[in-house]
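# Summary of structural features
Given next are the chains, with one letter for each unit.
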Amino acid sequence: MVVKAGGQSADKRKPRAAHPAGEARPMVSRRREVGHTSARSLLATILGEYVLPRDRPVWTSTLVEALGMFDIEEKSARQALARTAAEGWLASERVGRRVRWALTPPGRRLLTEGAERIYRFGDNEREWDGTWLVILVSVPEAKRELRHRLRTQLAWTGFGTPETGVWISPDTRHEAEALSVLKELELSADAMSFTADYGAVGSEDAMVSRAWDLREVEARYEAFIDEFTGAHPVEGDAVFQAQTRLVHEWRRFPFLDPQLPRTLLPKRWSGVQAAGLFHRMHGDWHAHAQQRWDRLVEDHGAV
């Protein structure tokens, strides 16, 4: 790459949160986001799609029944709630013999950021001038957890890594997000950032293929298209289940797809078709799915 410019990098009681506001953000596991459906990952989808917009506590029984619609057993649902709270997303409050759950302030912020990214994902194609953002940051092999957190958070932001310690993005606007991640992980003092054009050595296409596995991403898009094309739920449980599955599958893609400019993608990129399908289906099913959630909440009594 040819460096153009550089810089250094970027009786009711109050709910009891697992982590007080102001401490570290709730944990995000990239492995759980892109892997098979688990009770905790499905719970996160339900929290983001139905609980977050209403900003009201929810009874345990409501969440257990909602998860049960996806064949999650009650024991697993309760364990998912406890572990999600332990990760800092939820706070519990006992009211008589019942327990209700509310999003913590950090959990609400993280879900809000996630929702904004998920619902606009695939809708923001832009012209690219060929400029790359390059972040150089080294983490010792011995600090495996720190390396994992860095990889997870930079990948969520859209960065790829063609070589150890080198992170790249074709969107220079992501520098501020990268700096925020590096500061949070206390890595910013020794990191460096540059903007650059690709030079004469090697191949830009080869660099992209080393930084991101686009074949895997495309296979995931095609599986998504196959699953939801032709789905026509009408109302009630069917539309609630379909909408939840739709969002749950789509929210994996910000962890998988770096949203590269069209010039860096294979021809007939299936992500375009998948994005159109998601936004169309989500709009078609939204009202009925939200109504079914409201009835579910009402069935378990006012909070």
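An unreviewed UniProt entry lists the protein chain under the name PaaX family transcriptional regulator, with Actinacidiphila oryziradicis as the source organism.

Applying the stated rule across the entire model yields 16 aromatic pairs. Geometrically, the ring pair formed by Phe70 and Phe240 is tilted, given 6.2 Å between the ring centres and 45° between the ring planes. Highlighted residues: Phe70 in the loop between helix 3 (60-68) and helix 4 (74-86) and Phe240 in helix 10 (residues 236-250), separated in sequence by 170 residues. By relative accessible area, which is 1% here, Phe240 ends up buried. Their ring planes at 10° and their centres at 4.2 Å tell us that Tyr221 and Phe253 sit as a pair that is stacked. Of this pair, Tyr221 sits in helix 9 (residues 214-228) while Phe253 sits in helix 11 (residues 253-256); the two residues are 32 residues apart in sequence, bridging distant segments of the chain. Accessibility assignment for this pair places Tyr221 and Phe253 in one class, buried. One aromatic cluster is present, built from ring pairs that chain together Phe121, Tyr221, Phe224, Phe228, Trp250, Phe253, Trp269 and Phe278. The ring of Trp59 carries the charged tip of Arg98 above its face, separated from the ring centre by 3.9 Å.

This next bit is on the pattern of salt bridges. Following the criterion strictly, the structure yields 13 salt bridges and no others. Of the charged contacts in the structure, one is a salt bridge between Arg147 and Glu141, with a shortest N-O distance of 3.4 Å. When its relative accessible area of 27% is taken as the criterion, Arg147 is described as partly exposed.

Take the nonpolar core next. One finds Trp132, Trp212, Tyr221, Phe224 and Trp250 to be the most contacted residues of the largest nonpolar core, which totals 33 residues. Ignoring sequence-local partners within four residues, the contact set of Trp212 consists of Trp132, Gly158, Phe159, Gly160, Ile168, Pro170, Pro258 and Leu260. Ranked by size, the runner-up nonpolar core spans 32 residues in total, among them Val51, Ala66, Ile72 and Leu110.

Turning to helix 8 (residues 204-211), a few remarks are in order. For helix 8, the full list of buried residues reads Met207, Val208 and Ala211. Take helix 8 and look down its axis: the buried residues cluster within an arc of 100°, on one side only. Residues of helix 8 that are exposed and point more than 90 degrees away from the buried face comprise Asp205 and Arg210. Packing partners of the buried residues in helix 8 comprise strand 6 (132-136), strand 7 (160-163), strand 8 (166-169) and helix 9.

The geometry of helix 3 relative to helix 4 is characterised by a closest axis approach of 9 Å and an angle of 120° between their N-to-C directions. Here helix 3 lies oblique to helix 4, going by the angle between them. Where helix 3 crosses over helix 4, the two elements pack in a sense that is right-handed. Here Thr60, Leu63, Val64 and Leu67 of helix 3 come into contact with helix 4, specifically with Glu74, Ala77, Arg78 and Leu81. Class assignment for the residues of the contact of helix 3 with helix 4 results in 5 nonpolar, 1 polar and 2 charged.

With that settled, the discussion passes to the side chain of Thr104. Mapping Thr104 onto the fold places it in the loop between strand 5 (98-103) and helix 5 (105-120). For Thr104, a relative accessible area of 2% translates into the label buried. A distance of 2.7 Å separates the side chain of Thr104 from the backbone oxygen of Gly88, its partner in a polar contact.

Our next topic: the side chain of Arg292. Topologically, Arg292 is positioned in helix 12 (residues 270-299). Residue Arg292 is classed as buried on the basis of its relative accessible area, which comes to 10%. Among the polar contacts made by the side chain of Arg292, one reaches the side chain of Asp237 at a distance of 2.6 Å.

The next thing to look at is the confidence of the model for the protein chain. Looking at the protein chain, pLDDT values average 88 and 87% of them are 70 or higher. Low confidence marks residues 2-23, where pLDDT is under 50. Its contacts with residues over four positions away, or in another chain, come to 58 contacts. Confidence drops under a pLDDT of 50 for residues 29-35, and excluding neighbours within four residues, the segment shows 18 contacts in the predicted structure.

What follows is about unusual backbone geometry. Within the chain, Asp71 stands out as a residue other than glycine whose phi angle is a positive 65°. For Asp71, the position within the fold is in the loop between helix 3 and helix 4. Here Glu186, not a glycine, exhibits a phi torsion of approximately 60°, which is positive. Examined against the element boundaries, Glu186 turns out to sit in the loop between helix 7 (175-184) and strand 9 (192-197). Under the relative-accessibility criterion, Glu186 is labelled exposed at 73%.

Cut-offs applied
- Residues numbered from 1 in each chain as written.
- Predicted model: local features only at pLDDT ≥ 70, side-chain atom pairs only at ≥ 80, totals over all residues.
- Heavy atoms only, no water.
- Phe/Tyr/Trp six-rings, centres within 6.5 Å; stacked < 30°, edge-to-face > 60°.
- Helix = DSSP H or I, 4+ residues; strand = E, 2+ residues; numbered from the N terminus.
- Buried < 20%, exposed > 50% of the residue type's maximum accessible area, 1.4 Å probe, protein only.
- Lys NZ or Arg CZ within 6 Å of the ring centre and 35° of its normal.
- Salt bridge = Lys/Arg side-chain N within 4 Å of Asp/Glu carboxyl O.
- Core = buried A, V, L, I, M, F, W, Y, C linked by side-chain atoms within 4.5 Å.
- Contact = heavy atoms within 4.5 Å.
- Arc of directions from axis to C-beta.
- Axes fitted to C-alpha atoms, helices over the stretch in contact; angles between N-to-C directions.
- Parallel < 35°, antiparallel > 145°, perpendicular 65-115°, else oblique.
- Left-handed = near helix turned anticlockwise from the far one by under 90°.
- Nonpolar A, V, L, I, M, F, W, Y, C, P; charged D, E, K, R; others polar.
- Polar contact = N/O pair within 3.5 Å; in protein donor to acceptor, adjacent residues only side chain to side chain.
- pLDDT = per-residue confidence, 0-100.

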